[in-house]
Amino acid sequence: MAKILKPGKVALITRGRFAGKKIVILQNVDQGTKSHPFGHAIVAGVERYPLKVTKSMGAKRIAKRSRVKPFVRVVNYNHLMPTRYALELDNLKNLVNAETFKEPSQRSAAKKTVKKTFEEKYQTGKSAWFFTPLRF
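Model, not experiment: these values are computed from the prediction.

*Asks:* Tell me what's going on with the environment of Leu95, and back it up with residues and numbers.
*Replies:* Within the element layout of this structure, Leu95 appears in the loop between α2 (90-93) and α3 (104-124). Residue class for Leu95 comes out partly exposed when judged on its relative accessible area of 33%. Once residues within four sequence positions are removed from consideration, Leu95 is found in contact with Thr100, Ala110 and Thr113.

*Asks:* For the pattern of salt bridges, give the residues involved together with the corresponding values.
*Replies:* Where charged atoms from two side chains of opposite charge approach closely, those side chains can pair. According to the stated counting rule, one finds 5 salt bridges in the structure shown. Of the charged contacts in the structure, one is a salt bridge between Lys3 and Asp30, with a shortest N-O distance of 3.8 Å. On the criterion of sequence distance, the pair formed by Lys3 in the segment before β1 (9-13) and Asp30 in the loop between β2 (22-29) and β3 (40-48) is long-range, its members being 27 residues apart. Its relative accessible area of 47% is what places Lys3 among the partly exposed residues.

*Asks:* Give me the sheet that holds β3: which residues, what numbers.
*Replies:* Taken together, the 5 strands give an open sheet; going across it, the order is β4-β3-β2-β1-β5, and neighbouring strands pair in antiparallel fashion. What marks the edges here is a single partner per strand, and that holds for β4 (69-76) and β5 (80-86). Sheet twist, expressed as the mean angle between neighbouring strand axes with direction ignored, is 40 degrees. Bridge count between β1 and β2: 3 bridges; the pairing is antiparallel. The residue bridging Ala11 from the neighbouring strand is Ile23, located in β2. Against the sheet, α3 contacts β2, β3 and β4, and its axis sits at roughly 115 degrees relative to β4.

The rules behind each value
Residues numbered from 1 in each chain as written. Predicted model: local features only at pLDDT ≥ 70, side-chain atom pairs only at ≥ 80, totals over all residues. Heavy atoms only, no water. Helix = DSSP H or I, 4+ residues; strand = E, 2+ residues; numbered from the N terminus. Buried < 20%, exposed > 50% of the residue type's maximum accessible area, 1.4 Å probe, protein only. Contact = heavy atoms within 4.5 Å. Salt bridge = Lys/Arg side-chain N within 4 Å of Asp/Glu carboxyl O. Pairing = 2+ DSSP bridges. Axes fitted to C-alpha atoms, helices over the stretch in contact; angles between N-to-C directions.

Put into structure tokens, the structure is as follows:
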């Protein structure tokens, strides 16, 4: 059977606090670890999506509305729904690992890096679907 949940794949979280949010898989652990004894993935996602921007808005207002609030988590495979989309985030794949979650300062540093990367991706306008909230 082919692996669907690979690094770079976009998925949706189906349960918990971030249910319905889009994430990108950074690293997957099929066998589990001692702290997480189940198949899981280390993911980065969008907690708060950027707001709509129009032509008549000033630069300051556009900058404020273009902000992205990210999150970094370990998520069980059972709580992920894969999509057909992929997002290339080469600089994030080796940044976040299991050791990142042990120290709060490392976790916040990882979130800042993810935020910067997501905002750069959003400004290019290529992965527009990833930065729009789900509507259902």
